[in-house]
Amino acid sequence: MSDLSQRIAGLSPDKLKLLAQKLNQKKGDVSSETQIVYQSRKSNTFPLSFAQQRIWFLDQLQPGNPAFNICQFMRLTGRLNVAALEESFQEVVKRHEALRTTFTVVDGQPLQVISPASVFRLEVVNLQELSLDKKEAEVLHLANQETQKSFDLTKDCLLRVTLLQLSEIEYALLLSIHHIAADAWSIGVLIHEITTLYKSFCCGYSSPLPQLPIQYADFAVWQRQWLQGEKLESLLRYWKQQLGTQLPVLELPTDMPRPTVQTFSGARQCLTLPKSLSDRLKALYQREGITLFMILLAAFGTLLYWYTGQEDIVIGTDIANRNQPEIRGLIGFFVNQLVLRTNLSGNPSFRELLERVREVTLDAYAHQDLPFDKLVDALNPVRHMARPPLFQVKLILENTQSPSLQLADLTIKPLPVEKKKTQLDLLWEIVETEQGIVAALEYNTDLFYSNTIARMLGHFETLLNHVVTKPTAKLNELIENLILIDKQQSSIQNKKRKEEFQLKLKQVKRQVIDTTNKTEETI
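Residues numbered from 1 in each chain as written. Predicted model: local features only at pLDDT ≥ 70, side-chain atom pairs only at ≥ 80, totals over all residues. Heavy atoms only, no water.

**Q** I'm lost on the overall build of the protein chain in this one. Help?
**A** Tallying secondary structure elements over the protein chain gives 14 helices and 14 strands in all. The buried share of the protein chain, taken over its 523 residues, is 51%. Long-range contacts, defined here as pairs at least 24 residues apart, represent 80% of the contacts in the protein chain between residues at least 6 apart. Carbon together with sulfur atoms contributes 51% to the accessible area of the protein chain, which is approximately 25,200 Å² in total. (Helix = DSSP H or I, 4+ residues; strand = E, 2+ residues; numbered from the N terminus. Buried < 20%, exposed > 50% of the residue type's maximum accessible area, 1.4 Å probe, protein only. Contact = heavy atoms within 4.5 Å. Areas by Shrake-Rupley, 256 points an atom, 1.4 Å probe, with all protein chains shown as cover.)

**Q** Explain the packing of aromatic side chains here, please?
**A** Enumeration over the complete set of coordinates arrives at 12 aromatic pairs. Taking 5.9 Å as the distance between ring centres and 35° as the angle between the ring planes, the aromatic pair formed by Phe219 and Trp222 counts as tilted. On the criterion of helical spacing, the pair formed by Phe219 and Trp222 is a turn pair, its members being three residues apart in helix H7 (residues 216–226). Across the pair, Trp222 and Phe219 agree in class, each one buried. Judged by centre distance (5.0 Å) and plane angle (75°), the rings of Tyr238 and Trp239 are edge-to-face. Of the two residues, Tyr238 and Trp239, both sit in the buried class. Ring pairing ties together the aromatic residues Tyr216, Phe219, Trp222, Trp226 and Phe334, which thus form one cluster. When the ring centre of Tyr38 is taken as reference, the NZ or CZ atom of Arg41 above it lies at 4.3 Å. Note that Arg224 overlies the ring of Phe50, its terminal NZ or CZ placed 4.3 Å from the centroid. (Phe/Tyr/Trp six-rings, centres within 6.5 Å; stacked < 30°, edge-to-face > 60°. Lys NZ or Arg CZ within 6 Å of the ring centre and 35° of its normal.)

**Q** Sorry, what's going on with empty space enclosed by the protein here?
**A** A water-sized probe rolled over the atoms picks out the places where empty space is left. In this structure the tally under the stated criterion is eight cavities of 30 Å³ or more. Roughly 110 Å³ of volume is contained in the largest cavity. In terms of lining, the largest cavity is formed by Phe219, Trp222, Gln223, Trp226, Leu227, Asn321, Asn323, Gln324, Asn336, Asp369 and Pro371. It is H7 that provides the largest number of residues to the lining of the largest cavity, a total of four residues. (1 Å grid on protein atoms, 1.4 Å probe; cavity = no way out; pocket = protein on both sides within 12 Å on 5 of 7 lines; lining within 4 Å. Points joined across faces, edges and corners; volume = space filled by probe spheres on them.)

**Q** Explanation requested: the confidence of the model for the protein chain in the structure shown.
**A** Interpretation of the predicted coordinates at a detailed level should be avoided for regions scoring low in pLDDT. Scored by pLDDT, the protein chain comes out at a mean of 89, with 88% of its residues at no less than 70. Mean pLDDT per element in the protein chain: helix H1 (residues 4–7) is the minimum at 51, and strand S6 (residues 159–165) is the maximum at 98. Throughout residues 26–32 the model reports pLDDT below 50, and contacts reaching past four residues in sequence, or to other chains, amount to seven contacts. (pLDDT = per-residue confidence, 0-100.)

**Q** Teacher, can you tell me more about the sheet that holds strand S4 (residues 109–114) here?
**A** Strands pair in a sheet through their backbones, by hydrogen bonds, and they do so in one of two ways: parallel or antiparallel. Spatially, three strands are ordered S1-S4-S3 in an open sheet, and the strand pairing comes out antiparallel. Each edge of the open sheet carries a strand with a single partner, namely strand S1 (45–47) and strand S3 (101–106). Between one strand axis and the next, the sheet turns by 40° as a mean value, whatever way the strands run. Helix-sheet contacts for H7 involve S1 and S4, and the interaxial angle to S1 is about 40°. (Pairing = 2+ DSSP bridges. Axes fitted to C-alpha atoms, helices over the stretch in contact; angles between N-to-C directions.)

The following block contains the structure:
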């Protein structure tokens, strides 16, 4: 998860000055009151952070829902020191209280309970006796099983690690963390620490990592003390004014009727934009003095406008919410959700739409400290069991890629296993790589067919190609171009399907003739 500085990279000096003014107006003088301090551990129970409280509440509705599992699977080849790897995970769990926290209810209020630093066990499953084909099948079976395996928040360690041994030099590592204890940034912290610890423990050294100044529970206490009074009221005033009392519901055309209760069945498809298009997008956002995220948000909003006909579009996004230096090295659930409401009325040019998006985005960054669940409580929308509150689609741009696990004398590669769960109708996760921009579209399989999502990815690429060529194009021109390209592609696909059908028909006729001739010869 990217922090604010990375999200605003690419802004012109004037735009940066504007954002700085907004942030200063919001925060005023940053003094010692913002410092997070270590709390007394006379009691091992603490209040939940606002982010934890949101996930805890959802877990109460559907206990053990695996949609909130964060999974990292990888293949390891080489001489693995299993004891050192287990000791490394033991040290991480010892260092980070969030991983050994459970949750209880006292007088109707949820509390987090920090468990003692008990010994963490690495589960090792020996698959060496299986044949090669059965090994691979079992690895995929166990990995898929892990994505569906639940956590019991009342008693389980929130980190689960399984090592599958395929031979003396081949392994698969299955790692799962519940979202209430971690976020994307936390995965980077975890991988960095495991890499460092494994190297030391293999050499017989002690941990070289410095002691953490605070723990996640200290942040939770600080957040509730800090976010009250005028600070809270100021943030609430902004968001109420920005979002109003009744947010529009995005009425996406679905392939299947929306279930009466929200389902979490999901899948994902990926699109890699050509390097040439990625470079042109980069040139556009640098030329316009905006960010890549703003271009993607404007393009996504345009696409949703075409699909729904709605001019008032609400899209969610994530922000790391790690502005205090004390918490940047912690594993924990800090990420906050922002609600971005964009007005597409009046047939603006894409460049004009970018200005609207820029203003909405910068204002949201300047008021990012209001926890999402506080916003939901304040707006108090009509709750529907069929969809999440405030927004149904989300766009995330990962500016920073998590470091890859690097263990001495080992080659490590990702083990791709699809997590068949999702929390939204649509979730765009976009990563900017050296090879180009990669977009992954996660979708609810109880709403959309896979071919619909493939077309959506194609529409997104078509739209981006048009706006980098002509950013002055009006909204109706962009839509007309999308319709034209879509018709052309549909015509090509229909022609191809017709040709394939005719080819199959000829093959069937030949088989019938051959069978008839053989029968006559026999007679």
